[in-house]
Amino acid sequence: MIHPHLLTGADDPRTRIWFETRPRHLSGGGDPRRITQALRAAGWTNRSDPDYPHVVLASPDYQHTVILEPEPESYSAWWRIRGQSEHSDWYTEFGANVPVEILAALTDALLQPAPETTPDIWPALTSAGWTYQHDEHGNETASHPDGILSLRRWTVEPAERFFWTAEATLPTGGGGRNRL
């Protein structure tokens, strides 16, 4: 029996025209194979249901999962990344418009051993021109000079457990901003 070749967007990446958009955060999502192929090459297993349009990848030790589930709304959670260890569980979600390079930086870090100490990111941000604030409860916030990006580390009450929030905003055209 002869199987016809079915043309899909996954057939040949050379058929795409790539443009470098600056600033990068305005360019859109990119090619998710940058993430999925790197994880598969590192031994992650594909746990996807072939009859459902999604990708589910699990690390060899099942401590991390990466799920890509396209949704009708580009700002809904298309990417969900979860991790767990003896000491903590975490998760993060991203929409379709997050550049694949940002997600790949996160997923590439999952392939490395955990650092022995947590790096201090605030000096790197302030040296790049971000404003930095902290309060008496230990909450910290950094904002990009153009006002559309911010990073926050916060806790509900002073404690050892902190939460992270990264936000981007887009102008609405009417003088306001939509938070992503």
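A few points on the structure.

About the criteria used
- Residues numbered from 1 in each chain as written.
- Predicted model: local features only at pLDDT ≥ 70, side-chain atom pairs only at ≥ 80, totals over all residues.
- Heavy atoms only, no water.
- Buried < 20%, exposed > 50% of the residue type's maximum accessible area, 1.4 Å probe, protein only.
- Helix = DSSP H or I, 4+ residues; strand = E, 2+ residues; numbered from the N terminus.
- Arc of directions from axis to C-beta.
- Contact = heavy atoms within 4.5 Å.
- Core = buried A, V, L, I, M, F, W, Y, C linked by side-chain atoms within 4.5 Å.
- Pairing = 2+ DSSP bridges.
- Axes fitted to C-alpha atoms, helices over the stretch in contact; angles between N-to-C directions.

So, about helix α2 (residues 100-110). Because an α-helix packs 3.6 residues into every turn, residues spaced three or four apart end up facing the same way. Listing the buried residues of α2 in full gives Val100, Leu103, Ala104, Thr107 and Leu110. For α2, the buried positions fall inside an angular range of 105° around the axis, keeping them on one side. Tucked inside the fold, the buried residues of α2 contact α1 (33-41), β3 (64-68), β4 (79-84) and β5 (89-94).

This next bit is on the nonpolar core. Judged by nonpolar contacts, the single largest core of 14 residues is most densely connected at Ile35, Trp79 and Leu103. Counting only elements with at least two residues in this core, the list comes to α1, β3, β4 and α2. Per-element accounting of this core gives the leading share, four residues, to α2. Once residues lying within four places of it in the same chain are set aside, the contact partners of Leu103 are Ile35, Trp79, Ile81, Phe94 and Val98. By size, the runner-up hydrophobic cluster in this structure holds five residues, among which are Trp122, Leu125, Ala142 and Leu151.

Attention now moves to the sheet that holds strand β10 (residues 177-179). Pairing is antiparallel in the open sheet, where five strands are placed in the order β6-β7-β8-β9-β10. Of all the strands in the sheet, just β6 (131-134) and β10 have a single pairing partner and so form its edges. Each adjacent strand pair in this sheet contributes to an overall mean axis angle of 20°, direction not counted. In terms of strand pairing, strand β7 (residues 140-143) meets strand β8 (residues 149-154) through four bridges, oriented antiparallel. From the neighbouring strand, Ala142 faces β8, where its bridge partner is Leu151.

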